[in-house]
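Chain and residue survey
Here is how the chains run, residue by residue.
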Amino acid sequence: MQENWWKNAVVYQIYPRSFMDSNNDGIGDLKGITQKLDYLKELGVDIIWLSPVYKSPNCDNGYDISDYQDIMDDFGTMADFDEMLDEAHKRGLKIMMDLVVNHTSDEHPWFIESARSKDNPYSDYYIWRDGKEGKEPTNWEASFGGSAWEYCAARDQYYLHAFAVKQPDLNWDNPKVRQEVFQMMDWWCQKGIDGFRMDVISMISKPEVFEDGHVREGHQYAEIGPIITHGPHEHEYLKEMNREVLSRYPLATVGETACVTVEEAKKYAGFDEHELNMVFQFEHMDLDFGSYGKWNNRPPRLTQLKEVLSKWQTQLHGKAWNSLYWDNHDQPRVVSRFGNDKEFRAESAKMLAICLHMMQGTPYIYQGEELGMTNAGFTSIDQYRDIESINAYHEIVEGGIAGEDYMMECLRFKSRDNARTPMQWDSSVNAGFTEGTPWIEVNPNYTGINARAALADKDSIFYYYKKLIGLRKEYQIITEGSYELLLPDSEELYVYTRTYGDEKLLTVCNFTGDIQKFEVPGGFEKSRCLIGNYSRDVYKGQIELKPYEAFVLYKCR
Ligand code: GLC
Ligand code: CA
């Protein structure tokens with residue numbers, strides 16, 4: 001296989017619970033995925049990243065694993081998995097597994113043993129500390145609210161959980177833990193899987209000394225992310241993982257690296273570092289944070305978005321590899337967030353796709369993004385299923401930190417459940433996702449927004465994604481070219497060039513619902529338009545961009 005094959009690949013993320021239900025119990029499953037592989041083949045993606053399908057009590061929808069070598073009952077059996085893998089491979093599609101090894105479920109046999117006593121073979125598999133004056137060992141806050149420490153009477157100690165109480169953190173400083181994880185990874189590689197997406201991998205190496213962190217005004221605890229990311233042995237452990245497992249298979253690997261900076265990313269994904277192929281950075285997703293962290297109701301300014309994305313484009317160029325994404329199972333729908341999901345839904349969804357897919361890096365498409373699926377629009381807290389959203393609602397509303405109406409608005413704008421409503425396949429009942437009762441409500445707009453309608457319309461968002469994927473295969477400049485931002489101060493237009501030898505690309509995106517004047521830069525007079533979301537005859541001199549218009553010009557001297 002060609003080295004660095006993942007560089008011009010496109011990844012499609014499936015959230016199995018919400019993708020396709022084959023047995024009408026209301027929950028998506030592996031057989032459902034197998035049924036829809038032809039749809040993904042038609043779209044043209046190369047790799048499918050599967051959110052976790054392992055055995056799990058489901059406190060965090062599978063990100064709490066109780067057996068890494070078995071399948072969640074809701075999703076089917078290992079035989080169903082093998083069939084899916086085989087059918088994917090027959091179609092030339094690769095499968096990237098979600099690897100969740102910062103923590104396990106508290107129902108994992110390792111933890112059950114570990115929690116029994118201080119002297120059992122698993123006692124040091126997790127992070128245990130004595131209390132401090134009858135209280136938690138430190139003031140760290142779990143990412144899903146409350147203290148990051150939970151008391152366990154059998155050991156008269158606390159265990160660390162960076163996420164929910166049911167997600168205890170593994171102790172990576174224990175060489176036995178690393179060996180177990182590497183063996184398990186190897187087992188999946190032997191099965192023939194093609195890659196790993198590594199959940200919060202930037203948190204595996206904890207600090208040498210555990211100290212209280214800074215508590216922001218109005219908060220009870222200190223935010224844990226900055227304290228426990230990129231710890232002292234982080235890169236040592238990833239190099240070990242690379243040596244022991246990754247380097248022995250032709251895999252694509254991506255690290256979900258909370259709190260990552262450009263400098264850190266060069267270590268995780270540097271071309272000569274022998275750790276991971278690429279990382280997910282969060283800076284462009286965190287721009288709309290407010291005084292209650294992610295719970296905010298306003299989008300960022302375009303200049304901020306451009307500054308962040310441009311920094312990653314230029315500073316990793318030639319040194320490390322970017323991943324490109326607007327959406328995933330933890331983020332709201334991009335057309336609702338940075339576009340206009342009402343009168344310009346199709347135009348803005350296409351514009352956002354063009355804007356991202358002409359950059360350098362490996363693009364990730366999240367299920368339904370290719371249809372322009374929108375936020376859920378839930379109006380009652382009872383409609384939510386996500387542990388993060390529900391915990392935050394109670395903490396913020398019942399804690400009197402913000403009013404209920406405001407919090408409901410924040411959830412409508414930012415909740416992870418916006419991305420988790422069932423995939424909209426057709427206009428039949430429950431969007432064709434299930435004939436049972438879906439585990440989370442279907443977005444009522446499925447009657448108009450669905451895959452069947454998209455496939456029947458040659459001008460649909462789906463076919464723009466397909467075309468963008470095709471362009472990446474055809475034009476090396478999209479993979480290799482350098483990036484330059486034009487008009488950095490514009491709050492309306494996102495314009496950038498790519499340069500590769502004699503070739504040049506110009507990407508022009510109107511991020512507003514208004515007409516915008518734009519002067520096509522000199523040198524593009526003899527260029528061709530590779531893709532655009534409106535038809536237009538003239539691409540030179542002064543032009544007027546239509547609402548959310550986007551196009552790409554290409555020239556080769
Ligand atoms: C990652 C996952 C998220 C999960 C968390 C804890 O951020 O993407 O869905 O809740 O890790 O595993
Ligand atoms: Ca099912």
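Residues numbered from 1 in each chain as written. Chains lettered and ligands numbered in written order. Predicted model: local features only at pLDDT ≥ 70, side-chain atom pairs only at ≥ 80, totals over all residues. Heavy atoms only, no water.

Under an unreviewed UniProt entry, the name given to the chain is Oligo-1,6-glucosidase, and the organism recorded is Murimonas intestini. Under the Subcellular location (unreviewed entry) heading, UniProt states for the chain: "Cytoplasm". (UniProt positions renumbered as here; feature names shortened; annotations may be inferred.)

1. Focus on the packing of helix 7 (residues 234-244) against helix 8 (residues 262-269)
To describe two helices that pack against each other, one gives the angle between their axes and the distance between the axes. At a minimum axis distance of 10 Å, the contact between helix 7 and helix 8 shows a crossing angle of 25°. Of the possible angle classes, the one that applies to helix 7 and helix 8 is roughly parallel. Counting all contacts with helix 7, which are made through Glu234, His235 and Leu238, the residues of helix 8 involved are Glu264, Lys267 and Tyr268. Taken together, the residues that form the contact of helix 7 with helix 8 break down as 2 nonpolar, 1 polar and 3 charged. (Axes fitted to C-alpha atoms, helices over the stretch in contact; angles between N-to-C directions. Helix = DSSP H or I, 4+ residues; strand = E, 2+ residues; numbered from the N terminus. Parallel < 35°, antiparallel > 145°, perpendicular 65-115°, else oblique. Contact = heavy atoms within 4.5 Å. Nonpolar A, V, L, I, M, F, W, Y, C, P; charged D, E, K, R; others polar.)

2. Let's talk about the sheet that holds strand 8 (residues 149-152)
In spatial order, the strands read 6-9-8; together these 3 strands make up an open sheet with antiparallel pairing. What marks the edges here is a single partner per strand, and that holds for strand 6 (128-129) and strand 8. Here strand 8 pairs with strand 9 (residues 157-160) via 4 bridges, running antiparallel. The residue bridging Cys152 from the neighbouring strand is Gln157, located in strand 9. (Pairing = 2+ DSSP bridges.)

3. A short note on the site of ligand 1
Around ligand 1, a shell composed of 14 residues is seen, among which Asp60, Asp199, Glu256, His329 and Asp330 lie nearest. Note that an oxygen atom of ligand 1 is positioned 2.9 Å from one of the side-chain N or O atoms of His103. A distance of 2.8 Å separates an oxygen atom of ligand 1 from a polar side-chain atom of Asp199. Contact with the protein chains hides 96% of the accessible area of ligand 1, taken as 310 Å² for the molecule alone. The site holding ligand 1 turns out to be the largest pocket. (Near = heavy atom within 4 Å. Polar contact = N/O pair within 3.5 Å; in protein donor to acceptor, adjacent residues only side chain to side chain. Areas by Shrake-Rupley, 256 points an atom, 1.4 Å probe, with all protein chains shown as cover. 1 Å grid on protein atoms, 1.4 Å probe; cavity = no way out; pocket = protein on both sides within 12 Å on 5 of 7 lines; lining within 4 Å. Sits in = over half its atoms within 2 Å of the grid points.)

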